[in-house]
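Here is how the chains run, residue by residue.
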Amino acid sequence: MNSKNLLKMAALAAVLSTGFASCSSDDDADNSVVNGTQAALDQACADWKTARANWENTEAFLFGAADVYSIDPHTDTWPVAANDLADVLRDEKAMSNLDNFIKTANSGILGYHGLEYVLFRQGKPRDISQLTNLEYNYICAVAKDLYYATATLEAAWDSKESNTERHQIALNYVATHNSINGDGDAEGALGEFTNFGKAFKNPGTGDWETALDATLEIISGCQDIIGEVGDSKIGLPYTGEDATYIESPYAYNSIVDFYDNIVSCKNALYGSMGATTPNEKSLIYFCKNAGNATLAAQANTVCTKLENALTKINAMKAPFALYYSDASCKVAIDALGELDDALSEMGETLKGYAGNDVVETQCKVINENYVDNVVLTTYRTLADNAQKLYQSIVNIK
């Protein structure tokens, strides 16, 4: 996600062609280079891509903890505020207490893209001889904070609160981090820890009054990211409205990000992480087998449009950072629009079941499966790989 009012990256095309100057190039800054190996930095970059894919697989369910605790903007704001990051690397007070500084820093210098900015150059791992000790110290702190954020997501959707270590991390995270406003700045306390997994499974105890309300949220979550990918992530650069609005430009990972966003929708609708077909407790399976011919036809259309959208994204000319105006982008945008429309039609039909006790019971089954086998499983994998990323970044030096 993006805090839209952040200062834009200056002259994206020129920066791409020059390979990005070091964040810590100021004459007064400590420009000493880390004593590390290229292999270790390469491993960190590989682990970044793995953890990045895991994050993008969560974007169909950014409601709940990711929103309430401002974890989405805290970990996934772009474009990077490069000038602000350069200032931090020259700020002795900030650099001397990075763990605390990062909890309330502007989100434009944090998370996946703060790490990406330091680790990558033009789609490849950076030359280890360019990485300074200041940058190393910074990305270690950012990676640790990223792990804590993802552990909080896992804990907040674990209805059984089964991982005591990550549950404690979540309690500490919520107590020490602040909410983030539209400019990416910290503002106000987060409040108390909430178990969104329990609330989603048990209608009337949280944000969802009925089981059908929660089930419809599955569709809304998918539509939110479908619209963002088509209208903003691809659309804004493609139309020329904002050529700097490019996700993951340093790693040349944009198209992979887009694809994984729609995979998150597939997992949500089909009822499991890494789904290839709908399972018997999934929303799509229910719609196909509820005895409503209209709903079944709509569900089949959703499946067709979903696969078409994935195909069209995968066929976009790469890297997007260089070819964001290619005609293949418009083809993908159109396919995403068709998927969004298909989901809207299916959702409208489902709303007609409000107050139906049989459907309410079935929605409860759908929701329980969704929490345990989609949301929690994805977040747990994300936290595991974010922890691995943190360790690999530490291991650079």
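Residues numbered from 1 in each chain as written. Predicted model: local features only at pLDDT ≥ 70, side-chain atom pairs only at ≥ 80, totals over all residues. Heavy atoms only, no water.

Chemist: Please set out the overall build of the chain residue by residue, giving values where relevant.
Modeler: If you tally the helices and strands in the chain, you get 18 helices and four strands. Over its C-alpha atoms the chain spans a radius of gyration of 21 Å, differing by no more than 12% from the 21 Å that the globule rule assigns to 397 residues. Each principal axis of the C-alpha atoms in the chain carries an extent, and together these give about 70 × 50 × 35 Å. Buried residues in the chain amount to 56% of all 397 residues. The long-range fraction of contacts in the chain, counting pairs at least 24 apart against all pairs at least 6 apart in sequence, stands at 80%. One way to put it: in the chain the 28 positive side-chain charges average out to a point 5 Å from where the 54 negative ones average out. (Helix = DSSP H or I, 4+ residues; strand = E, 2+ residues; numbered from the N terminus. Rg over C-alpha atoms; globule rule 2.2 N^0.38 Å. Buried < 20%, exposed > 50% of the residue type's maximum accessible area, 1.4 Å probe, protein only. Contact = heavy atoms within 4.5 Å. Lys, Arg positive; Asp, Glu negative; His and termini not counted. Charge placed at Lys NZ, Arg CZ, Asp CG, Glu CD.)

Chemist: Residues and numbers for helix 8 (residues 111-119), please.
Modeler: Within helix 8, nine of the nine residues are buried, leaving the element largely enclosed by the surrounding structure. All of the buried residues in helix 8 are Gly111, Tyr112, His113, Gly114, Leu115, Glu116, Tyr117, Val118 and Leu119.

Chemist: How would you explain the pairing of strand 4 (residues 186-189) if you had to name every residue and give the values?
Modeler: Alignment of strand 3 (residues 178-180) against strand 4, held across two bridges, turns out to be antiparallel. Within strand 4, the position partnered with Ile180 by the bridge is Ala186. (Pairing = 2+ DSSP bridges.)

Chemist: Describe the packing of aromatic side chains, listing the residues and the values that go with them.
Modeler: Tallied over the entire structure, the rule returns 18 aromatic pairs. Judged by centre distance (5.9 Å) and plane angle (40 degrees), the rings of Trp55 and Tyr112 are tilted. One end of the pair, Trp55, is in helix 2 (residues 38-56); the other, Tyr112, is in helix 8, with 57 residues separating them in the sequence. Linked through ring pairs, Phe61, Phe63, Tyr69, Trp157, Phe193, Phe196, Phe200, Trp208, Tyr370 and Tyr379 together constitute an aromatic cluster. (Phe/Tyr/Trp six-rings, centres within 6.5 Å; stacked < 30°, edge-to-face > 60°.)

Chemist: An account of the pattern of salt bridges is needed here, citing residue identities and associated values.
Modeler: What the rule picks out here adds up to 21 salt bridges. Taking the shortest distance from any N to any O, the salt bridge between Arg380 and Asp158 comes out at 3.4 Å. Taken together, the residues span a long stretch of sequence, with Arg380 in helix 18 (residues 357-394) and Asp158 in the loop between helix 9 (133-157) and helix 10 (164-176) at a distance of 222 residues. The class for Asp158 is buried, based on a relative accessible area of 4%. With a closest N to O distance of 3.2 Å, Lys305 and Glu338 form a salt bridge. (Salt bridge = Lys/Arg side-chain N within 4 Å of Asp/Glu carboxyl O.)

Chemist: So what's going on with the environment of Ser282? Which residues, and what values?
Modeler: Note that Ser282 resides in the loop between helix 13 (254-270) and helix 14 (283-289). Residue class for Ser282 comes out buried when judged on its relative accessible area of 1%. Residues Ser282 and Tyr370, 88 residues apart in the sequence, show an inter-C-alpha distance of 7.4 Å. If near-sequence neighbours (up to four positions away) are discounted, Ser282 is found in contact with Leu269, Tyr270, Gly271 and Ile366. A polar side-chain atom of Ser282 sits 2.7 Å from the main-chain carbonyl oxygen of Asn279. (Polar contact = N/O pair within 3.5 Å; in protein donor to acceptor, adjacent residues only side chain to side chain.)

Chemist: Any chance you could break down the nonpolar core for me, citing the residues and the numbers?
Modeler: Counting 119 residues, the largest nonpolar core has Leu115, Tyr138, Trp157, Ile234 and Met346 as the members making the most contacts within it. The biggest single contributor to this core is helix 9, with 14 residues. Sequence-distant contacts of Met346, defined by excluding residues within four places in its chain, comprise Ile219, Leu283, Ile284, Cys287, Leu295, Gln298, Ala299 and Val302. (Core = buried A, V, L, I, M, F, W, Y, C linked by side-chain atoms within 4.5 Å.)

Chemist: So what's going on with the confidence of the model for the chain? Residues and values would help.
Modeler: Chain-level statistics for the chain give a pLDDT mean of 93 and a share of 93% at 70 or above. Within the model, the stretch residues 3-27 combines pLDDT values under 50 with 64 contacts to residues more than four positions away or in other chains. (pLDDT = per-residue confidence, 0-100.)

Chemist: So what's going on with the side chain of Ser70? Residues and values would help.
Modeler: In this fold, Ser70 is placed in the loop between helix 3 (65-68) and helix 4 (71-76). At a separation of 3.0 Å, a polar atom in the side chain of Ser70 contacts the main-chain amide nitrogen of Ile180. Those residues in contact with Ser70 that sit more than four places away from it in its chain are Ala65, Asn178, Ser179, Ile180 and Leu190.

Chemist: Outline the packing of helix 2 against helix 18, listing residues and values.
Modeler: Relative orientation and spacing of two packed helices are given, respectively, by the angle between their axes and the distance between those axes. Relative orientation of the contacting elements helix 2 and helix 18 amounts to 165 degrees, with a least axis distance of 9 Å. In this view, helix 2 runs roughly antiparallel relative to helix 18, as classed from their interaxial angle. Considering how the two elements wind past one another, helix 2 and helix 18 form a crossing that is left-handed. Counted together, Ala40, Gln43, Ala44, Asp47, Trp48, Thr50, Ala51, Asn54 and Trp55 of helix 2 and Thr378, Thr381, Leu382, Asn385, Ala386, Lys388, Leu389, Ser392 and Ile393 of helix 18 form the full contact between these two elements. (Axes fitted to C-alpha atoms, helices over the stretch in contact; angles between N-to-C directions. Parallel < 35°, antiparallel > 145°, perpendicular 65-115°, else oblique. Left-handed = near helix turned anticlockwise from the far one by under 90°.)

Chemist: An account of the packing of helix 15 (residues 293-314) against helix 17 (residues 327-351) is requested, with residue identities and associated values reported.
Modeler: Orientation of helix 15 relative to helix 17, taken along the N-to-C sense of each, is 160 degrees, at an axis distance of 8 Å. Classified by the interaxial angle, the pair formed by helix 15 and helix 17 is roughly antiparallel. Crossing hand, helix 15 versus helix 17: left-handed. Here Thr294, Leu295, Gln298, Ala299, Thr301, Val302, Lys305, Leu306, Asn308, Ala309, Lys312 and Ile313 of helix 15 lie close against helix 17, whose contacting residues are Val331, Ala332, Ala335, Leu336, Glu338, Leu339, Ala342, Leu343, Glu345, Met346, Thr349 and Leu350. The residue makeup of the contact of helix 15 with helix 17, split by class, is 15 nonpolar, five polar and four charged. (Nonpolar A, V, L, I, M, F, W, Y, C, P; charged D, E, K, R; others polar.)

Chemist: Talk me through unusual backbone geometry; I want residue IDs and the actual numbers.
Modeler: For the peptide bond that leads from Trp78 to Pro79, omega is -5 degrees, which places it in the cis range. Positionally, Pro79 belongs in the loop between helix 4 and helix 5 (82-89). Geometrically, the link from Ala318 to Pro319 is a cis peptide bond, its omega value of -5 degrees lying close to zero. Mapped onto the elements of the fold, Pro319 is located in the loop between helix 15 and helix 16 (320-323). In this structure, Ser70 takes a positive phi of about 55 degrees despite not being glycine. For Ser70, a relative accessible area of 6% translates into the label buried.

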